[in-house]
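This is what each chain is made of:
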Amino acid sequence: MPIEEAATQAHEAATNAPTAGEYIVHHLTHLNTTGHAQSSIIDFSVINLDTFFYSAALGLLTVFVLWLAARNATSGVPSRFQAAVEFLVEMVADQAKGIIHSEESRKYVAPLALTVFIWIILMNAMDFLPVDMLPSLWQSVTSDHHAYMRVVPTADLNATLGMSIGVLLLCFYYNIKIKGVGGWVHELFTAPFGNHPLLYPINFAMQLIEFAAKTISHGMRLFGNMYAGELLFMLIALMGAAWAGTGTSAALWVGHVLAGSLWAIFHILIVILQAFIFMMLTLVYIGQAHEGH
């Protein structure tokens, strides 16, 4: 009887186990203020709580790391931690100096770019955690096996577009600060085709398209790469789950380990590169706000 009962329980567990599609859909669903999966694509009344929590927590961690480096900085032989932070500071400062020619603006923009760079690296690096680790922990805390949880903030379009919109607002600020309200409005209606009343609507439309295209592509680029990376980690995890469920093919387990290791190594480059690209585009767009057409 015990053997028969164990076999029955194993059969029921296998029957109730989610399919590959259900597994992925569950892991791609956010913990939000509605408490369930959202069918609508756009709903401004819904807040993705997991994205908010992890992005805010990692933002605070970024500020703490930079504060700790500044607090413990010495003029003598630097520690490895101080040397690493100094390398990043000098790298970002050199990039900012070559793009933004206003020394006054660089005093604010360069630290901002450094903070964004480290912040995005930390958010991207959440992808390296085991796919089911934090979601399973959350499910055990809530005692709900269907609780949702996503841990990579940059794989949420709301987060990346929110950051790119923040950069857009900074571009508006520096356009007004450098050129004045009148000078910027004049540029909106006279560039790029010239100062003629018949060209004013065309010029203004082109300016709006330029701002929209830069902002959307700025956020979409980071989101697309991190979403694809997260999805690949889930597919690789399914290989291991398939082997654990059947236990019939050792090749599946080997493939799972190799694929996971190789993709994690390659993903390190993506994590850093996407953070660097977002930072550089932030500097470029703010630098363009300092220049006239």
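Residues numbered from 1 in each chain as written. Predicted model: local features only at pLDDT ≥ 70, side-chain atom pairs only at ≥ 80, totals over all residues. Heavy atoms only, no water.

Bringing the environment of H101 into the picture now. The topology assignment puts H101 in the loop between α4 (80–99) and α5 (103–125). Taking the C-alpha atoms as reference, H101 lies 7.8 Å from G287; in sequence the two are 186 residues apart. Sequence-distant contacts of H101, that is, excluding residues within four places in its chain, are made with R106 and E291. (Helix = DSSP H or I, 4+ residues; strand = E, 2+ residues; numbered from the N terminus. Contact = heavy atoms within 4.5 Å.)

With that out of the way, let us pick up the pattern of salt bridges. Per the stated rule, a full pass over the model turns up 4 salt bridges. Linking K214 and E210 is a salt bridge whose minimum nitrogen-to-oxygen distance equals 3.6 Å. Taken as a pair, K214 and E210 lie in helix α8 (residues 200–246) at a separation of 4 residues, close to a single helical turn. For K214, a relative accessible area of 15% corresponds to the buried category. (Salt bridge = Lys/Arg side-chain N within 4 Å of Asp/Glu carboxyl O. Buried < 20%, exposed > 50% of the residue type's maximum accessible area, 1.4 Å probe, protein only.)

Right, let's get into the packing of α5 against helix α7 (residues 157–190). Running from N to C, α5 and α7 point in directions that differ by 175°, and their axes come no closer than 13 Å. In this view, α5 runs roughly antiparallel relative to α7, as classed from their interaxial angle. Across the interface between the two elements, E104, S105, Y108, V109, L112, W119, I120 and M123 from α5 touch M163, L170, Y174 and K177 from α7. Its residues assigned to classes, the contact of α5 with α7 shows 9 nonpolar, 1 polar and 2 charged. (Axes fitted to C-alpha atoms, helices over the stretch in contact; angles between N-to-C directions. Parallel < 35°, antiparallel > 145°, perpendicular 65-115°, else oblique. Nonpolar A, V, L, I, M, F, W, Y, C, P; charged D, E, K, R; others polar.)

Next up on the list: empty space enclosed by the protein. Inspection of the entire model under this criterion finds 2 cavities of 30 Å³ or more. In terms of lining residues, the largest cavity is bounded by 14 residues, among which V131, V151, V152, E230 and M234 are the most central. With 3 residues, the single largest contributor to the lining of the largest cavity is α8. Approximately 60 Å³ is the volume attributed to the second largest cavity. (1 Å grid on protein atoms, 1.4 Å probe; cavity = no way out; pocket = protein on both sides within 12 Å on 5 of 7 lines; lining within 4 Å. Points joined across faces, edges and corners; volume = space filled by probe spheres on them.)

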